[in-house]
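Summary of the model geometry
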Amino acid sequence: MNPFVISAYKAPEFFCDREKETGIIINSVTNGVNIILYSLRRMGKTGLIKNVFHELSARNNVELIYIDIYRTKNVDDFVNELANAMLRINKKVWYKRVLEFLKKFRPVLTVNPITGQLEAEIRAISEGQGPQNLDAIFQFIEQYPAKIIIAIDEFQQITEYPEPGFEAFLRSKIQFLNNVNFIYSGSNRRIITSMFQDYNRPFYQSGSTLYLDKIQEDAYAAFVKKLMERTNRIITEELVVKGLQWTESYTWFTQNYFNRIWGKGVKTITENLMREVEQEIFTEKERDFIEWRNLLPENQMSLLTAIAKENGVQKPTAKDFLTSHRLGSSSTVNSALKVLQQKEIIYFEQNAWQLYDVYMKRFLQAT
Ligand SMILES: Nc1ncnc2c1ncn2[C@@H]1O[C@H](COP(=O)(O)OP(=O)(O)OP(=O)(O)O)[C@@H](O)[C@H]1O
Ligand SMILES: [Mg+2]
């Protein structure tokens, strides 16, 4: 098996570092403090939550519920995700209770053909029953004789629900759950910070914020080397570091990059092999590039190319930058920046604009 995992979390031995963050989260949620976990896309939030749950699963006195609400569109969807997640806990006592409880509000129980697991489909009796059902679920949870930790991934999604006041409703229910702590996770800085830091938002200060940064280069290097050696591959430290610099230690890209290298099936990894993999990535990115060029207006295309070539830009409306890349007026650039940010193509962090897609950036730098 390729030890560089690029899909869902597998096990601690394939998971790099995050010891400090794992400790902070466990310590918080087991001591009554909710966590707001935030990072750039693909930095490793979901993996970290899974790693925390893996560690906590060894404890008997706590139940763990994970929901990803990225695809939920309304409160009914939210309730459905929650009910399904409750059924996925395979502890006998818990399962029996949940099943009995869920039957009460006439869910349609179906067997998932792929996993063979029971899944509840809570069909609200009539539209807008989601909140009542949620209320019932929370009452059930509250009476459960054990500590429960609920992770809600992509939490910002609740702000998209059409039901007015759901954020306030959810907050009002959550604050009375004495035996439950939450991990709220999201990647949209603007929405997440506004939800938890705006004085007049319902979730104002309802947890402590954990910003997930990149994994330190030396920790990542040791991890890559260890996984290579454990699977009988030879790679020098120097090459590992070169690879990490190419991917900027950005978690998803780093995992993907070394997954490709390992996948070549070569025992001794050389610089040529790494170049070969990078060329393959460029070929793929060229296709994406053509697609982008068809979809994005020229001013946006030139701006993101310029940001890539400069490897991050602090002042995109500065005269030098505008003229040397022929970007037109500063107002054109400002509106292009906004659109590209909304499309999640670029982001602003540590005082500079950057492309999300490290591979695309490398491609643009090379052409
Ligand atoms: N510490 C780690 N060590 C090794 N692989 C990791 C680590 N953290 C995350 N990964 C892997 O990197 C990829 C991206 O991580 P993950 O999906 O957790 O990021 P995310 O921040 O939740 O992304 P998104 O914003 O898209 O939800 C996944 O394949 C995951 O398994
Ligand atoms: Mg995620």
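What this report covers is the structure whose coordinates are included nearby. As the structure is a prediction and not an experimental result, all values here were calculated from the model. (Residues numbered from 1 in each chain as written. Chains lettered and ligands numbered in written order. Predicted model: local features only at pLDDT ≥ 70, side-chain atom pairs only at ≥ 80, totals over all residues.)

1. A word on the overall build of the protein
Heads up, the condition is: The secondary structure listing takes helices from DSSP runs of H or I that are at least 4 residues long and strands from runs of E that are at least 2 residues long, numbered from the N terminus. Every radius of gyration here is taken over C-alpha atoms, with the globule rule written as 2.2 Å times N^0.38, N being the number of residues. Think of it as a crowd count around each C-beta: if 20 or more other C-beta atoms lie within 10 Å the residue is buried, if 12 or fewer it is exposed, and in between it is partly exposed, with C-beta placed from the backbone throughout. We call two residues in contact whenever the C-beta atoms placed from their backbones are within 7 Å.
From N to C terminus, the protein includes 15 helices and nine strands. Scaling as 2.2 N^0.38, a compact globule of 367 residues should have a C-alpha radius of gyration of about 21 Å, and the protein matches this with 23 Å. Looking at the protein as a whole, 33% of its 367 residues qualify as buried. The contacts of the protein with a sequence gap of at least 6 include a subset with a gap of at least 24, amounting to 71%.

2. Some remarks on the nonpolar core
Put simply, the test is: Here, a nonpolar core means buried Ala, Val, Leu, Ile, Met, Phe, Trp, Tyr and Cys residues linked by C-beta atoms lying within 7 Å of one another.
Ile-36, Leu-37, Val-79, Ala-83, Ile-152 and Ile-183 are the most contacted members of the largest nonpolar core, which totals 44 residues. Broken down by element, this core gets its largest block of residues, six residues, from helix H3 (residues 75-88). The residues touching Ala-83, leaving out its near neighbours within four places in the chain, are Leu-102, Pro-107, Ala-120, Ile-122 and Ile-137.

3. Quick word on helix H5 (residues 130-143)
As a reminder of what qualifies: An expected span of 1.5 Å times one less than the residue number is assigned to each helix. Each direction from the helix axis to a C-beta atom contributes to the arc, which is the arc of those directions.
The terminal C-alpha atoms of H5 lie 20 Å apart, and with 14 residues this matches the ideal 20 Å at 1.5 Å per residue to within 8%. Three or more residues of H5 are buried, namely Gly-130, Asn-133, Leu-134, Ile-137 and Ile-141. Each buried residue of H5 sits inside an arc of 100 degrees when the element is viewed along its axis, so together they form one side. In this fold, the buried residues of H5 make contact with H3, strand S5 (147-153), helix H6 (166-174) and strand S6 (180-186).

4. Things to note about the site of ligand 1
The following threshold applies: Here, nearness is defined through the C-beta atom: a residue counts as near a molecule or strand if that backbone-placed atom lies within 6 Å of it.
In the vicinity of ligand 1 there are 20 residues, among which Cys-16, Gly-44, Lys-45, Thr-46 and Gly-47 approach most closely. Elements supplying a minimum of two residues to the shell around ligand 1: helix H2 (45-56) and helix H10 (251-263).

5. Quick word on the pairing of strand S3 (residues 108-111)
Each regular strand carries side chains that alternate between the two faces of the sheet. Basically, it comes down to this: Two strands qualify as a pair provided DSSP detects at least 2 bridges between them.
Strand direction decides the pairing type here: S3 and strand S4 (residues 118-121), joined by four bridges, are antiparallel. Across the sheet, the residue bridging to Thr-110 is Glu-119, located in S4. Between S3 and S4, which pair antiparallel and follow one another directly, the connecting turn spans six residues, one of which, Gly-116, has a positive phi of 75 degrees.

6. What to know about unusual backbone geometry
One non-glycine residue, Glu-248, adopts positive backbone phi at about 55 degrees. Since 15 C-beta atoms lie within 10 Å of it, Glu-248 is described here as partly exposed. The backbone of Gln-350 shows a phi angle near 45 degrees, a positive value even though the residue is not glycine. Relative to the helices and strands, Gln-350 resides in the loop between strand S8 (346-349) and strand S9 (352-355).

7. Considerations on the pairing of S8
In the sheet, S8 pairs with S9 via four bridges, with the strands oriented antiparallel. Bridging from a neighbouring strand, Ile-346 pairs with Leu-355 of S9.

8. Some details on the sheet that holds S5
Heads up, the rule is: Here an axis means a line fitted to C-alpha atoms, over the contact stretch when the element is a helix, while the angle between two N-to-C directions is reported on a 0 to 180 degree scale.
Pairing is parallel across the open sheet formed by five strands, whose spatial order is S2-S5-S6-S1-S7. Only two strands of the sheet have a single neighbouring strand rather than two, namely strand S2 (62-68) and strand S7 (208-211). Each strand axis lies, on average, 15 degrees off the axis of its neighbour in the sheet, ignoring direction. Sitting on the sheet, helix H1 (residues 19-29) touches strand S1 (35-38), S5, S6 and S7, and the angle it makes with S7 is about 165 degrees.

9. Observations regarding the packing of helix H12 (residues 298-309) against helix H14 (residues 330-342)
Two quantities define a packed helix pair, namely the angle between the axes and the distance from one axis to the other. Operational definition: In this scheme, roughly parallel covers angles under 35 degrees and roughly antiparallel covers those over 145, while 65 to 115 is roughly perpendicular and the rest are oblique. As a working rule, the residues Ala, Val, Leu, Ile, Met, Phe, Trp, Tyr, Cys and Pro are called nonpolar, Asp, Glu, Lys and Arg charged, and the rest polar, with Gly in that last group.
At a minimum axis separation of 9 Å, H12 and H14 run at an interaxial angle of 80 degrees. With respect to each other, H12 and H14 are oriented roughly perpendicular. Between H12 and H14, the contacting residues are Asn-299, Gln-300, Leu-303 and Leu-304 on the first element and Thr-332, Val-333, Ala-336, Leu-337, Val-339 and Leu-340 on the second. In terms of residue class, the contact of H12 with H14 is built from seven nonpolar, three polar and no charged.

10. Re the environment of Arg-171
Following the sequence through the fold, Arg-171 ends up in helix H6. The partly exposed category is assigned to Arg-171, around which 15 C-beta atoms lie within 10 Å. Excluding anything up to four places from it in sequence, Arg-171 contacts Pro-202, Phe-203 and Ser-206.

11. Focus: H14
In this model H14 runs 18 Å from its N-terminal to its C-terminal C-alpha over 13 residues, within 8% of the 18 Å that 1.5 Å per residue would give. Residues of H14 that are buried include every one of Val-333, Ala-336, Leu-337 and Leu-340, and no others. End-on view of H14: buried residues confined to an arc of 110 degrees, all on one side of the axis. Structural note: H14 exposes Ser-331, Asn-334, Lys-338 and Gln-342 on the side pointing more than 90 degrees away from its buried face.

12. Examining the packing of helix H11 (residues 271-295) against helix H15 (residues 358-366)
Direction vectors running N to C along H11 and H15 enclose 90 degrees, while the axes themselves pass 9 Å from each other. Between H11 and H15, the angle falls in the class roughly perpendicular. Between H11 and H15, the contacting residues are Ile-281, Phe-282, Lys-285, Glu-286, Asp-288 and Phe-289 on the first element and Tyr-359, Met-360, Phe-363 and Ala-366 on the second.

13. Some thoughts on the environment of Glu-291
Inspection of the secondary structure assignment puts Glu-291 in helix H11. Of the residues examined, Glu-291 has 10 C-beta atoms within 10 Å and is grouped as exposed. For Glu-291 and Gly-312, which are 21 residues apart along the polypeptide, the C-alpha to C-alpha distance reads 22 Å.

14. Side note on the environment of Pro-12
With respect to the helices and strands, Pro-12 occurs in the segment before H1. On the neighbour-count criterion, Pro-12 (12 C-beta atoms within 10 Å) is exposed. Here the alpha-carbon distance between Pro-12 and Lys-214, two residues 202 residues apart in the chain, equals 18 Å. In contact with Pro-12, other than residues within four places in its own chain, are Asn-51 and His-54.

Distances and angles like these do not, on their own, reveal function.
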